[in-house]
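Structure assessment
Each chain is listed here by its residues.
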Amino acid sequence: MAILVTGGAGYIGSHTVLALLERGEDVVVIDNLSNASQESLLRVAELTGKQPTVCIADILDRHALKTLFSQHIITDVIHFAGLKSVSESIAHPLAYYENNVVGTLVLLDEMQRAGVHSLIFSSSATVYGNPESVPLSEQSRTGGTTNPYGTSKLMVEQILGDFSAAAPHFRITCLRYFNPVGAHPSGRLGEDPNGIPNNLVPYISQVAIGKLPCLTVFGDDYPTPDGTGVRDYIHVMDLAHGHLAALDHKDEGEAFKAINLGTGVGYSVMDLIKAFEKAAQTKINYRVVGRRSGDVAECWSDSSLARQQLGWQATRNLEEMMRDAWNWQKNNPGGYSV
Ligand code: NAD
Ligand code: WQD
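Residues numbered from 1 in each chain as written. Chains lettered and ligands numbered in written order. Predicted model: local features only at pLDDT ≥ 70, side-chain atom pairs only at ≥ 80, totals over all residues. Heavy atoms only, no water.

If you check an unreviewed UniProt entry, the chain appears there as UDP-glucose 4-epimerase from Leclercia tamurae. Looking at the Subunit (unreviewed entry) heading of the UniProt record, one finds this comment for the chain: "Homodimer." Turning to the chain, the UniProt record has this under Cofactor (unreviewed entry): "NAD(+)". (UniProt positions renumbered as here; feature names shortened; annotations may be inferred.)

Moving on to the sheet that holds strand S6 (residues 171-177). An order of S3-S2-S1-S4-S5-S6-S11 is seen for the seven strands of this open sheet, with the pairing classed as parallel. One side of each edge strand has no neighbouring strand; the edge strands of this open sheet are strand S3 (53-56) and strand S11 (256-261). Ignoring which end each strand starts from, the neighbouring axes of this sheet average 20° apart. In the sheet, strand S5 (residues 118-124) pairs with S6 via seven bridges, with the strands oriented parallel. The residue of S6 that forms the bridge with leucine 119 is isoleucine 172. The strands touched by helix H6 (residues 148-166) are S5, S6 and S11; relative to S5, the strand with the most contacts, the crossing angle is about 150°. Here helix H8 (residues 236-248) sits on the sheet and contacts strand S1 (2-6), strand S4 (74-79), S5, S6 and S11; the angle it forms with S6, its principal contact strand, is near 160°. (Pairing = 2+ DSSP bridges. Helix = DSSP H or I, 4+ residues; strand = E, 2+ residues; numbered from the N terminus. Axes fitted to C-alpha atoms, helices over the stretch in contact; angles between N-to-C directions. Contact = heavy atoms within 4.5 Å.)

Below, the discussion takes up the site of ligand 1. Near ligand 1 you find 26 residues, and of these Asp31, Asn35, Phe80, Asn99 and Tyr149 are the closest. The backbone of isoleucine 59 places a nitrogen or oxygen atom 3.0 Å from a nitrogen atom of ligand 1. One of the backbone N or O atoms of phenylalanine 80 is found 2.8 Å from an oxygen atom in ligand 1. In the complex, 95% of the free accessible area of ligand 1, which totals 820 Å², lies under the protein chains. Secondary-structure elements contributing two or more residues to the shell around ligand 1 are helix H1 (11-22), S5 and H6. In terms of residue count, S5 provides more of the shell around ligand 1 than any other element does, three residues in total. Here the residues of the shell around ligand 1 are counted per class, giving twelve nonpolar, ten polar and four charged. (Near = heavy atom within 4 Å. Polar contact = N/O pair within 3.5 Å; in protein donor to acceptor, adjacent residues only side chain to side chain. Areas by Shrake-Rupley, 256 points an atom, 1.4 Å probe, with all protein chains shown as cover. Nonpolar A, V, L, I, M, F, W, Y, C, P; charged D, E, K, R; others polar.)

In structure tokens form, the structure reads like this:
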């Protein structure tokens, strides 16, 4: 019996595969390597001494999924596979809806045919759009997403909700991640973005190592304590363990659940720069520019539902997030390709 992890070679997927193997689960990964390297899974094997079964295929490929489900007894699916760049989704909306929405439909259909009835879906705080107030609880209004990526996540949640009503024997948990950062403390696994990073921590990391000259801070005139954007950064290993907790508690409560995975604490861009400088013992060169279109002033979670329903809460603080992000960057300046 095994757990199927779609997108398991990617950033959050590889850390979750490691956590699953560490607690003795058998794992099958399906990944088309569109945004990942198989090296991540080799390193997972090196760190755990255990090997996940790896299938290099696309979740849109029905035949590949049928074969996979016929060859393994799958108890649960953790579904990370998808495209995640906000800017790319604006330029290529169809690719995003195809991968994220159609991909999930194909997966769900093949799960149903194979009699696999447990799904954990990688959702995002982006489904809350521009928050009316913070912290964001699962009762907060969703919608008003500002890009096709965010809309694709919201659509999938809605589809899963409708599907659950028609198939109540399915257990479905949508985990709404806030801002995943950091890396495995070994420095062997981490985030390896293609090209120039869009996200703050990979960008700061590359400035710290001298790959990029200067961080641009997108706006210092937000109604926040220091004027820069505030987010709920969460260590990727805490996030990985959140998935294990969701598996453990899948049979409790409603058949369809949406649960925030955040720390409940917001930090500003300036807080991150300072914390990273301390971790890396170096100055981060930055300059303030105008706001980035589509950004919200502040976004952080009410994380009490995860505590109540999953018995889970984040345990790693900002210092550990920055320490591990830096450890990964300095040990792997070229990501997985070196
Ligand atoms: P990632 O790009 O590192 O991982 C996604 C993986 O899915 C990659 O390995 C990619 O090769 C694979 N993939 C993509 N399309 C596929 C397809 N059609 N078939 C098979 N494999 C496919 O991204 P990540 O940061 O690990 O994110 C994982 C999930 O979490 C995504 O669904 C993402 O939208 C969601 N999420 C990420 C964040 C974040 O900030 N990283 C925040 C909220 C939600
Ligand atoms: C964080 C803060 C920026 C880069 C995005 C997606 C979201 C989710 C996570 C998947 C903001 C500021 C950033 C830079 C900066 N992904 N910043 N200079 O925008 O909160 O969320 O990733 O679901 O959907 O939108 O994360 O890391 O891009 O930005 O000043 O070069 O850092 O303005 O305040 P964001 P981020």
